[in-house]
There are 2 protein chains.
Amino acid sequence: MVTVHWQGELIFKADTPTGSSLMMDAYPEEGQKSKGPTPVEALLASIGACSAMDVVAILVKKRQVVTAYRVEVEGVRAPVGEWPRPFLALTVRHILTGKNLEPDAVQRSIELTDEKYCSVIATLREAPKVESVWVIEEA
Amino acid sequence: MVTVHWQGELIFKADTPTGSSLMMDAYPEEGQKSKGPTPVEALLASIGACSAMDVVAILVKKRQVVTAYRVEVEGVRAPVGEWPRPFLALTVRHILTGKNLEPDAVQRSIELTDEKYCSVIATLREAPKVESVWVIEEA
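Fair warning: this is a prediction, and the values are worked out from it, not measured in the lab.

Undergrad: What exactly am I supposed to notice about the overall build of chain A here?
TA: The secondary structure content of chain A amounts to three helices and six strands. For chain A, the α and β elements follow one another from N to C terminus as β-β-β-α-β-β-α-α-β. At 18 Å, chain A has a C-alpha radius of gyration far larger than the 14 Å of a compact globule built from 139 residues. Along the longest, intermediate and shortest principal axes, the C-alpha atoms of chain A span 60 × 35 × 30 Å.

Undergrad: Could you clarify how one ought to interpret the relation of the copies chain A and chain B in this entry?
TA: Relating the two copies of this chain is a rotation about some axis coupled with a shift parallel to it. For the pair chain A and chain B, the best superposition has an RMSD of 0.0 Å and corresponds to a rotation of 180° with a translation of 0.0 Å parallel to the axis. Both copies are brought into coincidence by an operation consistent with a two-fold rotation axis. Here 100% of the interface residues in chain A have copies in chain B that are interface residues too; the copies meet face to matching face.

Undergrad: Looking at this structure, how should I read helix 2 (residues 103–117) of chain B?
TA: Given a rise of 1.5 Å per residue, 15 residues ought to cover 21 Å, and the 20 Å separating the end C-alpha atoms of helix 2 of chain B matches this to within 8%. Those residues of helix 2 of chain B not exposed but buried are Ala105, Val106, Ser109, Ile110, Leu112, Thr113 and Asp114 of chain B. Of the surrounding secondary structure, the elements contacted by the buried residues of helix 2 of chain B are strand 6 (129–138) of chain A together with helix 1 (39–61), strand 5 (87–99) and helix 3 (119–126) of chain B.

Undergrad: Explanation requested: the environment of glutamate 82 of chain B in the structure shown.
TA: Tracing the sequence through the fold places glutamate 82 of chain B in the loop between strand 4 (65–77) and strand 5. Taking the C-alpha atoms as reference points, glutamate 82 of chain B and alanine 122 of chain B, 40 residues apart in sequence, are found 26 Å from one another.

Undergrad: Please clarify how the confidence of the model for chain A should be interpreted in this entry.
TA: Interpreting fine coordinate detail is not advised for predicted regions of low pLDDT. Considering every residue of chain A, the mean pLDDT works out to 95; 100% of them sit at 70 or more. Across the interface, the model reports ipTM at 0.96; the global pTM reads 0.96.

So, how was this worked out
- Residues numbered from 1 in each chain as written.
- Chains lettered and ligands numbered in written order.
- Predicted model: local features only at pLDDT ≥ 70, side-chain atom pairs only at ≥ 80, totals over all residues.
- Heavy atoms only, no water.
- Helix = DSSP H or I, 4+ residues; strand = E, 2+ residues; numbered from the N terminus.
- Rg over C-alpha atoms; globule rule 2.2 N^0.38 Å.
- Least-squares fit on C-alpha atoms with pLDDT ≥ 70 in both.
- Contact = heavy atoms within 4.5 Å.
- Expected span 1.5 Å × (residues − 1).
- Buried < 20%, exposed > 50% of the residue type's maximum accessible area, 1.4 Å probe, protein only.
- pLDDT = per-residue confidence, 0-100.

Below, the structure is given as structure tokens:
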């Protein structure tokens with residue numbers, strides 16, 4: 001369970017089961033006060049890191065020498081002015097630099113994260129049931 | 001577009017369009033080296049903060065006095081040992097403390113984020129198309 005704590009303004013601090021924390025904030029035009037990513041940015045970041053983590057682990061097992069690696073995540077959202085504004089499509093672009101990287105090994109590692117191992121991508125494709133509940137406590 | 005940069009080990013730094021950054025790392029049992037959240041934790045955090053941001057903004061407009069607020073996000077995943085392991089269901093639990101908070105105002109704010117404004121929840125329900133592509137650059 002991840003718990004998100006309100007910090008005032010539109011700033012939130014998430015505490016996670018592994019003892020990590022993550023600050024998030026609104027978009028600048030909505031009154032961003034800190035340097036925390038927005039929740040939508042954190043969503044895209046989670047997709048990229050989830051997938052990249054698998055790729056690095058698989059390429060190490062395949063004895064590939066990766067010297068630099070970045071993943072660009074971008075998407076197409078529903079039109080401005082309509083609500084909600086979900087992402088309708090997302091592209092995860094892996095840019096790998098290395099020494100004699102084998103294209104087949106890279107392709108296979110990306111197929112494996114995309115189709116099998118990345119739980120964030122799998123969750124997006126699953127369309128999980130999301131339920132919101134609430135409790136009011138008197139101050 | 002969010003870009004996730006590999007930092008060595010299984011550590012990744014995401015840079016976002018609003019100039020923010022976010023570190024992520026593996027689970028402790030997979031060799032976590034930093035205190036960054038895992039990508040799955042970042043996903044849950046993004047859901048909670050996205051929804052909470054709407055609720056705070058709506059309750060301020062409704063002149064409600066919120067003194068403390070946290071959101072717990074948890075889910076049910078596909079069984080261990082099978083891959084992929086998506087979340088099949090997620091619960092977003094809002095715990096609000098305030099002065100004479102009106103239950104109807106709280107309920108309405110949560111309905112609005114759940115059904116209309118939270119782009120992260122809407123994306124999860126949308127089941128967006130996710131495409132992975134790659135480029136290899138020689139060192």
